[in-house]
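Given next are the chains, with one letter for each unit.
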Amino acid sequence: MEIIADMHVHSKFSVDGKDNLMAMCQAAIEKGVKYICFTEHFDMNPKDRGYGYFNFEKFSEAIDSAKNKFGDSLYILKGLEFSEPHLHPEEFEEMVRKDFDVMIGSVHWLGGFIVGQKELEEKFTKEEIFKKYYREVLRATKFGGFDILAHLDFPKRYLKQSYNEWNLVDEILSELTKSDIALEINTSPLRKGLNECSPDKELLERYIKHKGSRVSIGSDAHSSLDIGEGFAYAEDLTKRNNKIKVGIFQQRKFVSIDEER
Ligand SMILES: [Zn+2]
Ligand SMILES: [Zn+2]
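Everything numeric here is computed off the predicted structure, so don't read it as measured data. Residue numbers run consecutively from 1 along every chain, following the written order of its sequence. To label them, take the chains in the order written and letter them from A, then take the ligands in the order written and number them from 1. Local features in a predicted model are, by the rule used here, given only for residues with pLDDT of at least 70; side-chain atom pairs are given and counted only at 80 or more, and totals for whole chains, interfaces and linings are based on all residues. Note that water and hydrogens are dropped before the side-chain values are worked out from all heavy atoms of the structure.

(A) Quick look at the coordination of the zinc ion (ligand 1). In this description, a donor is an N, O or S atom within 2.8 Å of the metal centre, a cutoff extended to 3.2 Å for sodium, potassium and calcium. Water is not part of the atom list, which can make sites seem incomplete. Around the zinc ion (ligand 1), the donor atoms from the protein are Glu81 (OE), His108 (NE2) and His151 (NE2), and they sit 2.1 Å away. Between the zinc ion (ligand 1) and the zinc ion (ligand 2), a separation of 3.5 Å is found, and both are coordinated by glutamate 81. Taken as a pair, glutamate 81 in strand β3 (residues 75-83) and histidine 108 in the loop between β4 (102-106) and β5 (109-110) lie far apart in primary sequence, 27 residues in all. By relative accessible area, which is 0% here, glutamate 81 ends up buried. For helices the rule is a DSSP run of H or I covering at least 4 residues; for strands it is a run of E covering at least 2, with both sets numbered from the N terminus onward. To sort residues, take the accessible area from a 1.4 Å probe on protein chains only and compare it with the maximum for the residue type: under 20% means buried, over 50% means exposed, and anything in between is partly exposed.

(B) Seen up close, the pairing of β4. Most of β4 is tucked away: 5 of the 5 residues are buried. Two strands pair under a simple rule: DSSP has to find at least two bridges between them. Of the pairings in the sheet, the one linking β3 to β4 comprises 5 bridges and is parallel in character. In the strand pairing of β4, glycine 79 is matched with valine 102. Of the crossover connections in this fold, the one passing from β3 over helix α3 (residues 89-96) to the parallel β4 is right-handed. Alignment of β4 against strand β7 (residues 148-149), held across 2 bridges, turns out to be parallel. When the sheet's bridge partners are listed, glycine 105 is paired in β7 with leucine 149. Orient the strands so they point away from the viewer; a crossover is then right-handed if the path from the first strand over the helix to the second runs clockwise.

(C) How the structure looks around the coordination of the zinc ion (ligand 2). For the zinc ion (ligand 2), every protein donor is listed as His8 (NE2), His10 (NE2), Glu81 (OE) and Asp220 (OD), and the spread of their distances is 2.1 to 2.3 Å. Between the 4 donor atoms coordinating the zinc ion (ligand 2), the angles at the centre fall across 81 to 170°, so the site counts as irregular. Mapping the donors of the zinc ion (ligand 2) onto the primary sequence gives the spacing H-x1-H-x70-E-x138-D. Geometry is assigned from the angles between donors: four donors with all angles from 85 to 135 degrees make a tetrahedral site, four or six donors whose opposite pairs exceed 155 degrees while the rest stay between 65 and 115 make square planar or octahedral sites respectively, and everything else is labelled irregular.

(D) Representation of the packing of helix α7 (residues 166-179) against helix α8 (residues 201-209). Two elements in contact, α7 and α8, have axes whose closest approach is 9 Å; the angle formed by their N-to-C orientations is 50°. Comparing their axes, α8 and α7 come out oblique. Between α7 and α8 lies a crossing whose hand is right-handed. Where α7 approaches α8, its residues Trp166, Val169, Asp170, Leu173, Leu176 and Thr177 are matched on the opposing element by Glu202, Leu203, Arg206 and Tyr207. Throughout this entry, Asp, Glu, Lys and Arg are counted as charged residues, while Ala, Val, Leu, Ile, Met, Phe, Trp, Tyr, Cys and Pro are counted as nonpolar. The remaining residues, Gly among them, count as polar. Split into classes, the residues belonging to the contact of α7 with α8 amount to 6 nonpolar, 1 polar and 3 charged. Axis definition: a line fitted to C-alpha atoms, over the contacting stretch in the case of helices. Angles run 0 to 180 degrees between N-to-C directions. Here the word oblique covers every angle except those under 35 degrees (roughly parallel), over 145 (roughly antiparallel) and from 65 to 115 (roughly perpendicular). Left-handed describes a crossing whose near helix is turned anticlockwise from the far helix through less than a right angle; right-handed describes the clockwise counterpart. Note on contacts: a residue pair qualifies if any of its non-hydrogen atoms lie within 4.5 Å across the two residues.

See below:
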């Protein structure tokens, strides 16, 4: 059986989303997905092309209409992917007070560079990029207040390899456990020429060693086509260890879906 909850997708309410929310719900139903969570980008870095793009009111209206239209066949969740929450505490607090089902915390920017940007790779070695990334994720995680940590080893998506700085990784994982923040298994690297998720087996096992158990699965789809992609792989990955609980967030509370899988 496949995982039925895609907890990380972007519609046109994100600057880089390709499809509208209604079309994505329709596609999710056709793919057999039961739970879909729209986690639109919220970026406060002025250099980000999504800066100031997200419109909460319009997004809320679209979520409500989608629930009216598809509510019988699809469970629609309302989320947000907040970039670098620790750097924008006021805006983060403002968003946290709204009626989201889930807040995803993520790191995309390292100072003035976005991960994936050519200039970053010209300036720093791959190893340095990973170190910088993990340091920033650690800061975000210590700040906390969100429910899921997105794509823990994100630079892998662009650098096509990993450098695991174990001291930093261990600190991040122990913070997650302490703060009850779930770890996301992001399947998007599978669509970018890699044969693994972000994170994959090694980091997941480490998370379990730190007594972590809560996991959410997200495709990070930016179009209908990619919803639920790579979920058979993620299913195998999470079934390896019975300490892992796969779940969704509903009104900011973790709910295991293991019984339904
Ligand atoms: Zn992201
Ligand atoms: Zn995303």
